[in-house]
Amino acid sequence: MRVESSVTSLTWIPKGAVAGMTALPFHVSVAHYDMPPPDVLGDVQALLEADAIRFANELRGWIEVEDGRIVDSGRSGGGSIGATTLRLGSRGMVFPAIPYPDIRPQPQVREDSVTFVQTAGGRTGVAVPRRVRRPPFVQVAAPTAWTTLSLSIRTDGSSEAAVVGASAFPRHWIYDGEGRLFAKTGVIDYETWIRESFGQHTPWGRRDSRAIVTAVESALERELSLAIIGSNPPFRRLRTGETLVEQGDPGNDVFLLFDGVLQVEIDGELVTEVGPGAILGEMALLEGGRRTATLRASTPCRVAVVPGDRIDRSALTEVARTRKPHAYEPPPPA
């Protein structure tokens, strides 16, 4: 019996993710941000050719099982990286990215499973200035983006996928063997990425970066988030430890967590953490105008702020309904 599975990451640049002077080309529409990729994985190559994503990492594996024992295994797939297009008026200039060789350690073969690991990525298409410690103290180079994925396939027919590591920029969405979005990296750190993602500070220099991975929000929240993004809302930035709202405070705004991880605290107790795409603050709007929880940044965060009367109330009611009566589950023990 052959058991097959896969895991795929798609990498894209959300609106407003680039900081500093290098954001200028995005502000004047020379460079572009990306719309979120689809919830269900489709034609990856078509997304790359349309400049809708920046690169993809596809890891596919299989095992052969006879009488409950693994007798053979193998893998396929690999990385695919697109080009960067800059537009000046009606003309476009295409800067090809430079793919790096996929890193594929030997599979870990156990009695009841095989685990495959694959790193894919490369040097992005457009060089940018960064500070260095030696003269002339500024270097113009293209940083590296990547993901490292793992895939475990078991003799009972099940499989498990995970993100082992990833570059701090851009955002990485992860799809399972059925092509369904099941996880995403929760934090974008453009400034660290632009400063450090070179040479020895990449997997090709034997140094990976741990990824902060968050669960996927509901389909309704994703639908609402697209409407919020399209309305060009104002954003708040939070430092680690800073609160967005305090339990008991009045408030009528609704929030879209755009980047980072927020802790949800009720009566001083941490009950859960939420990641990008979560719609928050709806309970105050629906239940008397007082915040029912404290929202505290466990990483640097970027939050879109929207007046509650601009969001469909029935949609907010449905979001709230999915969270009752025990919507916030305690996080697993460390």
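Our subject is the structure listed above.
Quick summary incoming for the structure in this document. (Residues numbered from 1 in each chain as written. Predicted model: local features only at pLDDT ≥ 70, side-chain atom pairs only at ≥ 80, totals over all residues. Heavy atoms only, no water.)

What follows is about the packing of aromatic side chains. Applying the stated criterion across every chain, the model contains 7 aromatic pairs. Taking 5.2 Å as the distance between ring centres and 85 degrees as the angle between the ring planes, the aromatic pair formed by Trp12 and Trp173 counts as edge-to-face. Of this pair, Trp12 sits in strand S1 (residues 2-12) while Trp173 sits in strand S13 (residues 171-175), placing them 161 residues apart in sequence. Among the residues examined, Trp12 registers a relative accessible area of 5% and is labelled buried. For the ring pair Phe26 and Tyr33, a centre distance of 4.4 Å and an interplane angle of 25 degrees mean the geometry is stacked. Among the residues examined, Phe26 registers a relative accessible area of 15% and is labelled buried. In this structure, Arg2 is placed above the aromatic ring of Trp62, and the distance from its NZ or CZ to the ring centre is 3.9 Å. The aromatic ring of Phe235 is capped on one face by Arg302, whose charged end is 5.1 Å from the ring centroid. (Phe/Tyr/Trp six-rings, centres within 6.5 Å; stacked < 30°, edge-to-face > 60°. Helix = DSSP H or I, 4+ residues; strand = E, 2+ residues; numbered from the N terminus. Buried < 20%, exposed > 50% of the residue type's maximum accessible area, 1.4 Å probe, protein only. Lys NZ or Arg CZ within 6 Å of the ring centre and 35° of its normal.)

The next thing to look at is the sheet that holds strand S14 (residues 181-185). The 6 strands are arranged S3-S2-S1-S13-S14-S15 in an open sheet whose pairing can be described as antiparallel. Edge positions in the open sheet fall to strand S3 (69-81) and strand S15 (213-215), since each of these has one partner strand only. Sheet twist, expressed as the average angle between the axes of neighbouring strands with direction ignored, equals 20 degrees. Where S13 meets S14, 3 bridges bridge the pair, whose relative direction is antiparallel. Each residue of the ladder has a partner; that of Trp173, found in S14, is Lys184. (Pairing = 2+ DSSP bridges. Axes fitted to C-alpha atoms, helices over the stretch in contact; angles between N-to-C directions.)

A few words now on helix H4 (residues 219-230). Think of an α-helix as 3.6 residues a turn; residues three or four steps apart then line up on the same face. With 12 residues, H4 extends 17 Å between its outermost C-alpha atoms, agreeing within 8% with the 16 Å of an ideal straight helix rising 1.5 Å per residue. The set of residues buried in H4 consists of Glu221, Arg222, Leu224, Ser225, Ile228 and Ile229. Seen end-on, H4 carries its buried residues on one side only, within an arc spanning 165 degrees. Opposite the packed face of H4, turned more than 90 degrees from it, sit the exposed residues Ala219, Glu223, Ala227 and Gly230. (Expected span 1.5 Å × (residues − 1). Arc of directions from axis to C-beta.)

Glancing now at the environment of Val254. By the secondary structure assignment, Val254 is in strand S18 (residues 253-259). The class for Val254 is buried, based on a relative accessible area of 1%. When the C-alpha atoms of Val254 and Gly61 are compared, they prove to be 42 Å apart, with 193 residues separating the residues in sequence. Leave out the neighbours within four places in its chain, and Val254 touches Ile279, Leu280, Leu285, Ala304, Val305, Val306, Gly308 and Leu316. (Contact = heavy atoms within 4.5 Å.)

This next bit is on the side chain of Asp176. As for its placement among the helices and strands, Asp176 is situated in the loop between S13 and S14. A distance of 2.9 Å separates a polar atom in the side chain of Asp176 from the backbone nitrogen of Arg180. (Polar contact = N/O pair within 3.5 Å; in protein donor to acceptor, adjacent residues only side chain to side chain.)

For the rest of this paragraph, the subject is unusual backbone geometry. For the peptide bond that leads from Phe169 to Pro170, omega is -10 degrees, which places it in the cis range. Inspection of the secondary structure puts Pro170 in the loop between strand S12 (159-166) and S13. Positioned with a positive phi, Arg206 is a non-glycine residue whose angle comes to about 70 degrees. Here Arg206 lies in the loop between helix H3 (190-196) and S15. Residue Arg206 is classed as exposed on the basis of its relative accessible area, which comes to 81%. Positive phi is not limited to glycine here, since Asp267 has a value of about 55 degrees. Relative to the elements of secondary structure, Asp267 occurs in the loop between strand S19 (262-266) and strand S20 (269-274).

This paragraph deals with the sheet that holds S20. Strand order across the open sheet formed by 4 strands is S17-S22-S19-S20, with antiparallel pairing between neighbours. This sheet does not close on itself; its edge strands, each paired only once, are strand S17 (243-245) and S20. Strand-to-strand twist in this sheet, taken as the mean axis angle between neighbours without regard to direction, amounts to 30 degrees. Relative to S20, S19 runs antiparallel, the two sharing 5 bridges. Directly across from Gln263, in S20, lies its bridge partner Glu273.

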